[in-house]
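Breakdown of the fold
So you can see what is in the structure, the chains are spelled out below.
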Amino acid sequence: MQLTRYVPDLPTVVPGWYPPTRENWELISYAWQFFPLLTAAQWLIDWYPQGKTSINSRFNIPGKWAWCLMEIPGMLTVLYCMLTIPRLEGLHAGLPWANWTMVFIYTIHYLYRAVLSPLVLNPSMSPIHPIVFTLAFGWQLMNGLSLGGWLAGYGPTTVYDWAGRLYTIEIGLVIWGWSLMGNIFHDDDLREIRRSALRRQKERAAAENKPVEGVDKLYMLPKNGLFHHVLFPHYFCEWLEWAGFWMVGGLNCAPARTFLVNEIATMLPRALAGRRWYVEKFGEERVGKRKAVIPGLI
Ligand SMILES: NC(=O)c1ccc[n+]([C@@H]2O[C@H](COP(=O)([O-])OP(=O)(O)OC[C@H]3O[C@@H](n4cnc5c(N)ncnc54)[C@H](OP(=O)(O)O)[C@@H]3O)[C@@H](O)[C@H]2O)c1
């Protein structure tokens, strides 16, 4: 598909790196595989100034805008690569539909995660410290370059590169789609806790002519869907989603594999620390046998 034909020439932001040359992309996607080593600190300390464990700091960034701005660079980077690298690489026939399919589903996810969820749907989000913001921004940039380079010309470039892959692409898409719905469903169960509290507050405020208190930092034990079994089913569904994405790209799609591994590396210690947080707040008895993230396992 030759979408680049309809787009004006985009300027090079950082010559050689944004968009990356093939050589630099190889270096980026190789180095990006070692990200899990950087998460060692996350396993050892629970200090993480975001969400449930946010801190009071005058440097804090408002939660909703921080989430939007730190989560969107990956999507923008992939799209930028798709609109620049094919021209630089002389791929005048355009890229195969399967490349664009992966770009499409990745974009759908991040429109939800970076725009719809924080700016439209979430009733409130805790402030985020610039350290977390910077790390997440860097994570997105690296992941966007790693995936974007592969999809935009340094991975498969013709339909022949995708030959014989139709069934695994279809199965991967089905896994991706159901898991995205699972992720949204469980995200929404958390939202409903604050939405319903806000509704109750508004009713009371109207009846008693008092101001609404707000729902910032209001936490309850969620219980619907997979929340019966784990405390972070939205994380679990997201991992399944990116496993489906990797399946679409195929076993040889190293950037999709790195994406999944790096997500697990950063989110698993968060979920385990999150379970400790729930036990401390609500008590071992109320948390019960619920695991952190994978039903029956972890
Ligand atoms: N965290 C990561 O490293 C990461 C990485 C990639 C993708 N994601 C995805 O991004 C989404 C959000 O991740 P997250 O780490 O922010 O999840 P989270 O800690 O569960 O928080 C999600 C949202 O729900 C609120 N919330 C959380 N627990 C609640 C409770 N018990 N009662 C009421 N409200 C509650 C949070 O408010 P507060 O902000 O006020 O706590 C926040 O607005 C997930 O779907 C996840 O899969 C996360």
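Before reading on, note that the structure itself is shown above.
Along each chain, residue indices are assigned from 1 in the same order as the chain's sequence is written. Where totals are concerned, whole chains, interfaces and linings use all residues; where local detail is concerned, this predicted model gives features only for residues with pLDDT of at least 70, and gives and counts side-chain atom pairs only at 80 or more.

Overview of the overall build of the chain
Secondary structure elements are taken from DSSP: a helix is a run of H or I of four residues or more, a strand is a run of E of two residues or more, and numbering for both begins at the N terminus. Looking only at helices and strands, the chain has 10 helices and 0 strands in total. Going from the N terminus to the C terminus, the chain shows its helices and strands as α-α-α-α-α-α-α-α-α-α. A compact globule built from 298 residues should have a C-alpha radius of gyration of about 19 Å, and the chain, at 21 Å, falls within 12% of that. Along the first, second and third principal axes, the C-alpha atoms of the chain reach 65 × 40 × 35 Å. Taking the intrachain contacts of the chain between residues at least 6 apart in sequence as the baseline, contacts between residues at least 24 apart amount to 85%. The globule rule used here is 2.2 Å times the number of residues to the 0.38 power, and the radius of gyration it is set against is calculated over C-alpha atoms. Any two residues are considered in contact once their C-beta atoms, placed from the backbone, lie within 7 Å.

Section: the site of the ligand
Nearness here is judged by the C-beta atom: place it from the backbone, and if it falls within 6 Å of a molecule or strand, the residue counts as near that partner. With respect to spatial proximity, 24 residues lie near the ligand, and among them G51, S126, L190, H234 and E238 are the closest. Breaking the shell around the ligand down by element, the ones donating at least two residues are α7 (166-208), α8 (233-249) and α9 (254-282). For this scheme, ten residues count as nonpolar: Ala, Val, Leu, Ile, Met, Phe, Trp, Tyr, Cys and Pro. Four count as charged, namely Asp, Glu, Lys and Arg, and the remainder, Gly too, count as polar. Looking at the shell around the ligand residue by residue, the classes come out as 8 nonpolar, 8 polar and 8 charged.

Quick word on the nonpolar core
Counting residues in each nonpolar core, the largest one holds 37 residues, and the members touching the most others are V78, Y106, L147, L151 and F245. For this core, the secondary-structure elements that each account for two or more residues are α1 (22-32), α4 (63-88), α5 (97-121), α6 (130-154), α7, α8 and α9. Filtering out sequence-adjacent residues up to four positions away, L151 remains in contact with V78, M82, N99, M102 and V103. We define the nonpolar core as any set of buried residues of the types Ala, Val, Leu, Ile, Met, Phe, Trp, Tyr and Cys, connected via C-beta atoms lying within 7 Å of each other. For every residue, the other C-beta atoms within 10 Å of its own C-beta are counted; 20 or more classify it as buried, 12 or fewer as exposed, and values in between as partly exposed. C-beta atoms are placed from the backbone. Membership of the second largest hydrophobic core comes to 13 residues, among which are V230, F232, Y278 and V293.

Some words on the packing of α4 against α6
Only C-alpha atoms enter the line fits that serve as axes; for helices the fit covers just the stretch in contact. Angles between N-to-C directions range over 0 to 180 degrees. It is the contact of α4 with α6, at a shortest axis distance of 8 Å, that shows an interaxial angle of 20°. Taken together, α4 and α6 sit at an angle that is classed as roughly parallel. When you trace α4 past α6, the crossing you get is right-handed. Here the residues of the contact of α4 with α6 are counted per class, giving 16 nonpolar, 8 polar and 1 charged. Any angle between 65 and 115 degrees counts as roughly perpendicular, while under 35 counts as roughly parallel, over 145 as roughly antiparallel, and the rest as oblique. Handedness of a crossing follows from how the near helix is turned relative to the far one, being left-handed for an anticlockwise turn of less than a right angle and right-handed for a clockwise one.

Structural notes on α7
Helix span, as expected, comes to 1.5 Å for every residue beyond the first. Its 43 residues give α7 an end-to-end C-alpha distance of 62 Å, which sits within 8% of 63 Å, the value for a rise of 1.5 Å per residue. Residues of α7 that are buried: G172, W176, S179, L180, N183, H186 and R194. Of the surrounding secondary structure, the elements contacted by the buried residues of α7 are α5 and α8. A positive backbone phi angle near 55° is found at N209, which sits one or two residues after α7.

Things to note about the environment of G16
With respect to the helices, strands and loops of the structure, G16 is situated in the segment before α1. In this structure the C-alpha to C-alpha distance between G16 and F185, which are 169 residues apart in sequence, comes to 41 Å. Not counting residues up to four positions away in its chain, the partners in contact with G16 are T21 and N24.

Observations concerning unusual backbone geometry
Across the junction of Y18 and P19, the peptide omega takes the value 5°, indicating a cis bond. Turning to its location among the elements, P19 is positioned in the segment before α1. One non-glycine residue, N209, lies in the positive phi region at around 55°. Along the chain, the position of N209 falls in the loop between α7 and α8. One non-glycine residue, K217, lies in positive phi territory at about 60°. Take K217: it is sitting in the loop between α7 and α8.

Let's talk about the environment of D216
Structurally, the position occupied by D216 is in the loop between α7 and α8. A residue is classified by how many C-beta atoms lie within 10 Å of it, and D216, with 13 of them, is partly exposed. D216 sits 93 residues away from P123 along the chain, and the two C-alpha atoms are 8.4 Å apart.

Regarding the environment of I108
Note that I108 resides in helix α5. Judged by the 14 C-beta atoms lying within 10 Å of it, I108 falls in the partly exposed class.

Description of the packing of α1 against α6
With their axes 9 Å apart at the nearest point, α1 and α6 run at an angle of 135° to one another. Overall, the two elements α1 and α6 adopt an arrangement that is oblique. Here the hand of the crossing between α1 and α6 comes out left-handed. Where α1 approaches α6, its residues R22, W25, I28, S29 and W32 are matched on the opposing element by M142, L145, S146, G149 and Y154. Looking at the contact of α1 with α6 residue by residue, the class counts come to 6 nonpolar, 3 polar and 1 charged.

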